[in-house]
Amino acid sequence: MENELITPQESNELKPATDTLLVLNIHTNQIEMVKGIDKEGNLQKVPPQEKKDNEPLIRVDKHGDLFSNFFSNFYRQLKNPTHFNFFKVSEYDAVNTAKDLQKYVDQASPEEKEKLKDYEVLPQHNNNPKNKNTMDNNTDNQEYRFQPEQIDWKTMEKFGLNQEKLEKMNAMDALLRGFKTNTLIPITINLGTAVSKMDVRLSLQTGDTGQVAVHLHGIRKEPSLNNKFLGHQFSDEDKKNLRETGNMGRVVDLVNPKTDEIIPSVISRDRLTNELVAHRAEYMKIPDEIKGIQLDEHQKQTLLEGRPLYLEGMTSKKGELFDATVQFNADKRYVEFLFNNNQTPQQRQQHNQQQTQSTDQEAPKVFRGKELDDSQYEKFKAGQTVYVDGLTDAKGKAYQGYITFNKETSKTDFSFTHPNKLKEEAKPTEDHKTQTAVNTQGKTNEATKNVKEPLESKQQHPANKQQEDQQKKVRKPRGSKL
């Protein structure tokens, strides 16, 4: 049995094919290709010898974390899932792989069939509270998709940005995880004859040839709801939902303009830029628990359909009970709380980090799987910056950085460099302090207190004979008869 069963074969095309699923029915010993799941939870499949050239198969992301999230949701919706064994293979060579696998199954002994379990893909079943799939850790546990050295820094420089600036703005962490920056970033575009300044959100995306490209998401006055969006015509209800909550509230079929593939997706409005964002329904990650409320299958299905869900009796980290509506957001790619979302981009820029965590004021003791010791935690919850090492990215590479708990937003800010480093470097010298105090604050020192002219840089004594005479001259007090 070759490892190609789960390791995609690379094609000679510029754009590698996505992965797909093969299924083995343990009762019939038949290998088939997976098309999807119908409304009743029955597996839709096709024998490899009967597959037509244009017949669509289920398509899954190659990225490990995204695939795990997708497959867990897929497995949960399936009727009688224990009747099947699933294998992830390259879509490019899926038909041949399925035929080869069938030959292996037909001829294999029971002991040899057991070896197939080494290649089978399984849903995540983890009861460890630290790694539990809850709404609290939907974003913190996202793995890094990019490394800083993959970023085109020459292009960034054209926008007036560099790694140091992005780290200072706490923007690097979201970028490396594959998300848009959490806040608007001011950039400058120099066209030679004209210079343009604007606020944008940034994101990193992998191009057709594998290079990492920088994408700019500019502010729109309002979302474009009267035109078709990837083949979808918005209804009046769609428009109302997108304007009021930011989420359209249902799954619709969108059309990939490059491949004409029909993709069931949810749509949301980027509340900072008014850009419309789509997210594949098959990649939606629904938590098992939200603030102490264990979701049942009906509630999970409601969220998977993009609809809002009202929950009562949730518990904040302070131990207080509260009720709220939650819904999946295509832009953020996780389930969010719906509070006051009908705000302008400028208002959202000021409050964007408060909308999902406003009830939680307690600093977490665990950051990305790393538990802070008592000394670190005391400083951290007091709002001080704490150095943390021993963190691991998606590729198993160790990294470290600095975390600061923001009490206003109840969020943890991460930076690869100490946020106070630049402030320390920018402190004025004692020489310049004297000059500033005299020239702008009206203060004096003994050596120059009678000099009327502005002092030169770093000057702490009279610079010429005229200033020496001014310094030596003593004014008579008012009313004096001397």
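Here goes a summary of the coordinates provided.

Conventions and cut-offs
- Residues numbered from 1 in each chain as written.
- Predicted model: local features only at pLDDT ≥ 70, side-chain atom pairs only at ≥ 80, totals over all residues.
- Heavy atoms only, no water.
- Helix = DSSP H or I, 4+ residues; strand = E, 2+ residues; numbered from the N terminus.
- Buried < 20%, exposed > 50% of the residue type's maximum accessible area, 1.4 Å probe, protein only.
- Contact = heavy atoms within 4.5 Å.
- Areas by Shrake-Rupley, 256 points an atom, 1.4 Å probe, with all protein chains shown as cover.
- Pairing = 2+ DSSP bridges.
- Axes fitted to C-alpha atoms, helices over the stretch in contact; angles between N-to-C directions.
- Polar contact = N/O pair within 3.5 Å; in protein donor to acceptor, adjacent residues only side chain to side chain.
- Core = buried A, V, L, I, M, F, W, Y, C linked by side-chain atoms within 4.5 Å.
- 1 Å grid on protein atoms, 1.4 Å probe; cavity = no way out; pocket = protein on both sides within 12 Å on 5 of 7 lines; lining within 4 Å.
- Points joined across faces, edges and corners; volume = space filled by probe spheres on them.
- Phe/Tyr/Trp six-rings, centres within 6.5 Å; stacked < 30°, edge-to-face > 60°.
- Lys NZ or Arg CZ within 6 Å of the ring centre and 35° of its normal.
- Arc of directions from axis to C-beta.

### Thoughts on the overall build of the chain
Then comes step 1: Helices and strands together make up the secondary structure of the chain, namely 13 helices and 20 strands.
Then comes step 2: Taking all 482 residues of the chain together, the buried fraction comes to 43%.
Then comes step 3: Put simply, 52% of the contacts in the chain that link residues at least 6 apart link residues at least 24 apart.
Then comes step 4: Here the chain has roughly 27,400 Å² of accessible surface; of this, 46% comes from carbon and sulfur atoms.

### A closer look at the sheet that holds strand E18 (residues 386-392)
Then comes step 1: Across the sheet, three strands lie side by side as E18-E19-E20; this open sheet has antiparallel pairing. Both edges of this open sheet fall to E18 and strand E20 (411-415), since each of them pairs with a single strand only. The sheet shows a mean angle of 40 degrees between the axes of neighbouring strands, taken without regard to direction.
Then comes step 2: In this structure, strand E19 (residues 398-406) lies alongside E20, joined through five bridges in antiparallel fashion.

### Some words on the side chain of His232
Then comes step 1: Inspection of the secondary structure assignment puts His232 in the loop between strand E7 (212-218) and helix H7 (236-244).
Then comes step 2: A distance of 3.1 Å separates the side chain of His232 from the side chain of Asp238, its partner in a polar contact.
Then comes step 3: Other than its neighbours up to four places away in sequence, His232 contacts Asn227, Asp238, Met248, Arg250, Val252, Leu254 and Ile267.

### Describing the pairing of strand E6 (residues 195-206)
Then comes step 1: Of the pairings in the sheet, the one linking strand E5 (residues 185-190) to E6 comprises six bridges and is antiparallel in character. Pairing of Asn190 across the sheet is with Val195, part of E6.
Then comes step 2: In sequence, E5 turns back onto E6 through a hairpin of four residues, with Gly192 there showing a positive phi of about 90 degrees.
Then comes step 3: Relative to E7, E6 is paired through seven bridges, and the arrangement is antiparallel. Looking at E7, one finds that Arg201 is bridged to His217.
Then comes step 4: Joining the antiparallel neighbours E6 and E7 is a turn of five residues, in which Gly210 adopts a positive phi near 95 degrees.

### A look at the nonpolar core
If you look at soluble globular proteins, the nonpolar side chains tend to sit buried side by side.
Then comes step 1: Ranked by internal contacts, the top residues of the largest apolar core, which has 32 residues, are Met156, Leu161, Leu166, Leu202, Phe380 and Ile403.
Then comes step 2: At the level of secondary structure, the elements contributing two or more residues to this core comprise helix H4 (153-158), helix H6 (172-176), E5, E6, E7, helix H10 (374-381), E18 and E19.
Then comes step 3: Among all residues touching Met156, those that are not within four sequence positions of it are Ile151, Leu161, Leu166, Leu202 and Val214.
Then comes step 4: Membership of the second largest hydrophobic core comes to 19 residues, among which are Ile286, Leu304, Val326 and Phe328.

### Comments concerning the pairing of strand E14 (residues 321-329)
Then comes step 1: Bridge count between strand E13 (residues 309-315) and E14: five bridges; the pairing is antiparallel. The partner of Leu311 across the bridge, within E14, is Ala324.
Then comes step 2: Hairpin connection, E13 to E14: the antiparallel pair is bridged by five residues, and Gly319 has positive phi, about 90 degrees.
Then comes step 3: Sheet topology note: the E14/strand E15 (residues 334-338) ladder contains five bridges and is antiparallel. In the strand pairing of E15, Val326 is matched with Phe337.
Then comes step 4: Count of turn residues in the E14/E15 antiparallel hairpin: four residues, of which Arg333 carries a positive phi of about 70 degrees.

### Here we look at empty space enclosed by the protein
Then comes step 1: Scanning the entire structure with this criterion turns up two cavities of 30 Å³ or more.
Then comes step 2: Of the volumes computed, that of the second largest cavity is approximately 30 Å³.
Then comes step 3: Lining the second largest cavity we find Asn247, Met248, Gly249, Arg250, Val266, Ile267, Gly306 and Phe328.

### Remarks on the packing of aromatic side chains
Then comes step 1: Under the defined criterion, the tally for this structure stands at nine aromatic pairs.
Then comes step 2: Through pairs of rings, three or more aromatic residues link up here, namely Phe367, Tyr399, Phe414 and Phe416.
Then comes step 3: In this structure, Arg333 packs its charged tip against the face of Phe179, placed 4.5 Å from the ring centre.

### Side note on H7
Then comes step 1: Every buried residue of H7 is accounted for by Asp238, Lys239, Asn241 and Leu242. The buried side chains of H7 occupy one side of the element, clustering within an arc of 165 degrees when seen end-on.
Then comes step 2: Buried residues along H7 sit in contact with strand E9 (262-269) and strand E10 (276-280).
Then comes step 3: Gly246 sits one or two residues past H7 and shows a positive phi near 90 degrees.

### Concerning unusual backbone geometry
Then comes step 1: With a phi angle near 60 degrees, Asn29 is a residue other than glycine that sits in the positive phi range.
Then comes step 2: Examined against the element boundaries, Asn29 turns out to sit in the loop between strand E1 (19-25) and strand E2 (30-37).
Then comes step 3: The phi angle at Leu230 is positive, at roughly 50 degrees, despite the residue not being glycine.
Then comes step 4: Considering the arrangement of structural elements, one finds Leu230 in the loop between E7 and H7.

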